[in-house]
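An overview of the molecular structure
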Amino acid sequence: HMLTDIHGAQMKIIDERRVPFAVKSGGHGTNPGFASTQGIQIAMSRFKRVSLSEDKHTVLVGAGCLWDDVYDYLNGTGRGVVGARVPGVGVGGFILQGGYAYHTSQYGLAMDNVVAYDIILPNATIAKITRENEDLWFALRGAGAGRFGIVSPFSARHDKYTFNAFRSPLFT
């Protein structure tokens, strides 16, 4: 599991003391409050695992990944995900803020392709959030931009896409 009891203890302290916090995935967003805070900044830079599920229908992506990492991992697999349009963008902020991509008209926003979020809630519990958890599912789909806990990894569905995310579609 990517999230640990140590992270749970950190969230519990943050919650008990009501300390403002921000979670930094890639740090691409420079707007105040996006990945910056006057309180505690939690950098996800060590959460860089990317893996395909056994059935090859979902990809597990750590919140410390940049989209470049995800595309490099999937290169040559015949699989792709809806992600950032330029290099250097973090997975976490992109997904939690919606995620408008070149192929959104075909496949939806990045958040539309997430099937599960693993999150440490402020009470220090680790939960897997799916559509069945209606309130948190809605909150993590752009409503809270990461203010409900620490999310990692993201489980996103993918299809047999043939495109390069940083350029125009490739036709084979």
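Residues numbered from 1 in each chain as written. Predicted model: local features only at pLDDT ≥ 70, side-chain atom pairs only at ≥ 80, totals over all residues. Heavy atoms only, no water.

**Topic: the sheet that holds strand S3 (residues 50-52)**
One open sheet holds the 5 strands; their spatial order is S3-S4-S7-S5-S6, and the pairing between them is antiparallel. Two strands in the sheet have a free side with no partner beyond their single neighbour: S3 and strand S6 (126-129). Sheet twist, expressed as the average angle between the axes of neighbouring strands with direction ignored, equals 15°. As paired strands, S3 and strand S4 (residues 58-61) are joined by 3 bridges and run antiparallel to one another. The partner of Ser51 across the bridge, within S4, is Leu60. Taken strand by strand, helix H2 (residues 67-74) contacts S3 and S4, and its axis lies near 35° from that of S3. (Pairing = 2+ DSSP bridges. Helix = DSSP H or I, 4+ residues; strand = E, 2+ residues; numbered from the N terminus. Axes fitted to C-alpha atoms, helices over the stretch in contact; angles between N-to-C directions. Contact = heavy atoms within 4.5 Å.)

**Quick notes on H2**
Buried residues of H2: Trp67, Asp68, Val70, Tyr71 and Leu74, and no others. Summarising the axial view, the buried residues of H2 lie within an arc of 160°, below the 170-degree limit, and thus occupy one face. Of the surrounding elements, those touching the buried residues of H2 are S3, S4 and helix H3 (91-96). Positive phi appears at Gly76, one or two residues downstream of H2, with a value of about 90°. (Buried < 20%, exposed > 50% of the residue type's maximum accessible area, 1.4 Å probe, protein only. Arc of directions from axis to C-beta.)

**Notes on the nonpolar core**
Ranked by size, the top nonpolar core spans 38 residues in total, and within it Trp67, Val70, Val91, Ile95, Tyr117 and Phe154 carry the most contacts. Counting only elements with at least two residues in this core, the list comes to helix H1 (5-17), S4, H2, H3, strand S5 (114-120), helix H5 (134-143) and strand S7 (150-157). Apart from residues no more than four positions distant in its own chain, Val70 is found in contact with Val50, Val61, Cys65, Val81 and Val91. (Core = buried A, V, L, I, M, F, W, Y, C linked by side-chain atoms within 4.5 Å.)

**Quick word on the pattern of salt bridges**
One pass over the structure, following the stated rule, counts 4 salt bridges. When the shortest N-O distance is used, the salt bridge between Arg18 and Asp15 registers 2.7 Å. On the basis of relative accessible area, Asp15 is assigned to the partly exposed category, the value being 28%. For the salt bridge of Lys48 with Asp69, the shortest nitrogen-to-oxygen distance reads 3.1 Å. Of this pair, Lys48 sits in the loop between strand S2 (40-43) and S3 while Asp69 sits in helix H2; the two residues are 21 residues apart in sequence, bridging distant segments of the chain. Owing to a relative accessible area of 25%, Asp69 belongs among the partly exposed residues under this scheme. (Salt bridge = Lys/Arg side-chain N within 4 Å of Asp/Glu carboxyl O.)

**Description of the environment of Arg85**
Along the chain, Arg85 turns up in the loop between H2 and H3. When its relative accessible area of 34% is taken as the criterion, Arg85 is described as partly exposed.

**Observations concerning the environment of Ser51**
Along the chain, the position of Ser51 falls in strand S3. Taking the C-alpha atoms as reference points, Ser51 and Tyr73, 22 residues apart in sequence, are found 8.0 Å from one another. With near-sequence residues (within four places) excluded, Ser51 lies in contact with Thr58, Val59, Leu60 and Tyr73.

**Thoughts on the pairing of S6**
Looking at chain direction, S5 and S6 are connected through 4 bridges and run antiparallel. The residue of S6 that forms the bridge with Asp118 is Lys128. From the end of S5 to the start of S6, which pair antiparallel, there are 5 residues, and Ala124 there has a positive phi angle of about 80°.

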